[in-house]
Amino acid sequence: MYRFLLSRQWVILTLITLALIPTMIELGFWQLHRHEHKVALNHVISDSLAAKPVPAESLTAPGRAVGRDDLYRRVTAKGTFDTADEVVVRRRTNSDEEVGFHVLTPFVLDDGRVLMVNRGWIPADGAQTEFPKIPAPAKGETTVTGRLMADETTAGSGIKDVRGLPDRMVMLINSEQQAKALRKEVLGGYVEMTAPEPRGDSPELIAEPDHSGIGPHMAYAIQWWLFAAGVPVGWVVLVRRERRDRAEAAEAESAPEAEPAVV
């Protein structure tokens, strides 16, 4: 009755079915984990933005990675901007999705150590290979406030650290990379500046991160699990249809031919 399941075609189909079920279940759990990660990150961002600012030196140090719980934490620092060693980060967009640069300026603390400060976004005046005109920061000793961020890496961002870039241009904001270029002690991570506000609104300060949405990951997880449940159902439907079609074909072959009518 079901001997056709031993045929090459049905063995392959059955093996594919058996492989699809755990794969789809695993994909569902992957999306579930992404949902949980997003929810947890939203809590971290919300708590960090609501907390009172603390000195940046209390949360980071040279060669030290910014902890997950300290991401987006509001911090302050007192020092002076070093525009001589300022660089720009290529291919960054503003809130209107316009492509330009982020301005990355070393901020020299009172003890001589350096904190990298992202002063915000500026448009590209010409080609992406031309160093843009950058509005000057506040002169003299200044207190900056901003959000503490972790170093950007190729693995974490997907941005390739392309070598051979034009002078004073980088693809990633990375404290270790800047420490080698400056030959100074640079605190781990960097700060997205929120104060003082620039004159003339340029560079354009980076907007506060959205921490209200959770994305479609839970819906995708449920979708994959429904697919996993539907695969064996579809296999059973196909088996029953094949059995019925074979039974009807066998019955038609075994039925006696009708004798011709005599005129």
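Calculation criteria
Per chain, the residues get numbers from 1 upward, laid out in the order the sequence is written. This being a predicted model, a pLDDT of at least 70 is required before a residue's local features are given, and a value of 80 or more before pairs of side-chain atoms are given or counted; all residues contribute to the totals for chains, interfaces and linings. Only hydrogens and water are set aside when side-chain values are computed; all heavy atoms of the structure are taken into account. Axis definition: a line fit to C-alpha positions, over the contact stretch in the case of helices; interaxial angles, taken between N-to-C directions, run 0 to 180 degrees. Only DSSP runs of H or I covering at least 4 residues are called helices, and only runs of E covering at least 2 are called strands; the numbering of each starts at the N terminus. Each angle receives one of four descriptions, namely roughly parallel if under 35 degrees, roughly antiparallel if over 145, roughly perpendicular if within 65 to 115, and oblique otherwise. With the far helix as reference, a near helix turned anticlockwise by less than a right angle produces a left-handed crossing, and one turned clockwise produces a right-handed crossing. As a working rule, the residues Ala, Val, Leu, Ile, Met, Phe, Trp, Tyr, Cys and Pro are called nonpolar, Asp, Glu, Lys and Arg charged, and the rest polar, with Gly in that last group. The nonpolar core is taken to be a set of buried Ala, Val, Leu, Ile, Met, Phe, Trp, Tyr and Cys residues, with the residues joined through side-chain atoms within 4.5 Å. To sort residues, take the accessible area from a 1.4 Å probe on protein chains only and compare it with the maximum for the residue type: under 20% means buried, over 50% means exposed, and anything in between is partly exposed. We call two residues in contact whenever any of their non-hydrogen atoms come within 4.5 Å of each other. Throughout this description, the term salt bridge denotes a Lys or Arg side-chain nitrogen within 4 Å of a carboxyl oxygen of Asp or Glu. In this scheme Phe, Tyr and Trp rings, the latter by its six-membered ring, pair at centre separations within 6.5 Å, and the angle between planes marks the pair as stacked below 30 degrees, edge-to-face above 60, and tilted otherwise. The rule for a charge over a ring is simple: NZ of Lys or CZ of Arg within 6 Å of the ring centre, and within 35 degrees of the ring normal.

1. Let's talk about the packing of helix 1 (residues 8–50) against helix 4 (residues 217–254)
Step number 1: Orientation of helix 1 relative to helix 4, taken along the N-to-C sense of each, is 165 degrees, at an axis distance of 6 Å. As far as their axial angle goes, helix 4 and helix 1 are roughly antiparallel. The handedness of the crossing between helix 1 and helix 4 is left-handed.
Step number 2: Split into classes, the residues belonging to the contact of helix 1 with helix 4 amount to 21 nonpolar, 6 polar and 2 charged.

2. Remarks on the nonpolar core
Step number 1: One finds V75, F107, L115 and M116 to be the most contacted residues of the largest nonpolar core, which totals 33 residues.
Step number 2: When contributions to this core are tallied by element, the ones reaching two or more residues are helix 1, strand 2 (74–81), strand 3 (87–93), strand 4 (99–109), strand 5 (114–123), strand 6 (142–149) and strand 8 (190–195).
Step number 3: The contact partners of F107, leaving out residues within four places of it in the chain, are A77, K78, G79, T80, F81, R113, V114, L115, V117, T142 and V144.
Step number 4: Membership of the second largest hydrophobic core comes to 5 residues, among which are V88, F101, I122 and M169.

3. Quick look at the pattern of salt bridges
Step number 1: Here the structure, examined in full by the defined rule, presents 6 salt bridges.
Step number 2: When the shortest N-O distance is used, the salt bridge between E86 and R119 registers 2.7 Å. Highlighted residues: E86 in the loop between strand 2 and strand 3 and R119 in strand 5, separated in sequence by 33 residues. As far as the burial class goes, E86 and R119 line up, both buried.

4. A few points about unusual backbone geometry
Step number 1: In this model, A195 is joined to P196 through a cis peptide bond whose omega is 0 degrees.
Step number 2: In this fold, P196 is placed in the loop between strand 8 and helix 4.
Step number 3: The amide bond that connects S202 to the next residue, P203, takes the cis arrangement and shows omega of 0 degrees.
Step number 4: One non-glycine residue, Y72, lies in the positive phi region at around 65 degrees.
Step number 5: Mapped onto the fold, Y72 is located in the loop between strand 1 (54–55) and strand 2.

5. Brief notes about the environment of R73
Step number 1: Here R73 is to be found in the loop between strand 1 and strand 2.
Step number 2: Residues R73 and S48 lie 25 residues apart in sequence; the distance between their C-alpha atoms is 4.3 Å.
Step number 3: The contact partners of R73, leaving out residues within four places of it in the chain, are S48, A51, K52, V54, L59, G146, R147 and L148.

6. Some details on the packing of aromatic side chains
Step number 1: Evaluated as defined, the whole model comprises 5 aromatic pairs.
Step number 2: Taking 6.1 Å as the distance between ring centres and 45 degrees as the angle between the ring planes, the aromatic pair formed by Y2 and F4 counts as tilted.
Step number 3: Arranged with centres 5.8 Å apart and planes meeting at 85 degrees, the rings of W224 and F227 form a pair that is edge-to-face. On the criterion of helical spacing, the pair formed by W224 and F227 is a turn pair, its members being 3 residues apart in helix 4.
Step number 4: Under the relative-accessibility criterion, W224 is labelled partly exposed at 25%.
Step number 5: Members of the aromatic cluster, joined through ring pairs, are Y2, F4 and W10.
Step number 6: In this structure, R119 is placed above the aromatic ring of F81, and the distance from its NZ or CZ to the ring centre is 5.9 Å.

7. Some remarks on the side chain of R90
Step number 1: Looking at the element boundaries, R90 is found in strand 3.
Step number 2: According to the relative accessible area criterion, R90 is buried, its value standing at 8%.
Step number 3: Non-local contacts of R90, meaning those with residues more than four positions away in its chain, are made with G100, F101, Q128, T129, L165, P166, M169, V170 and M171.

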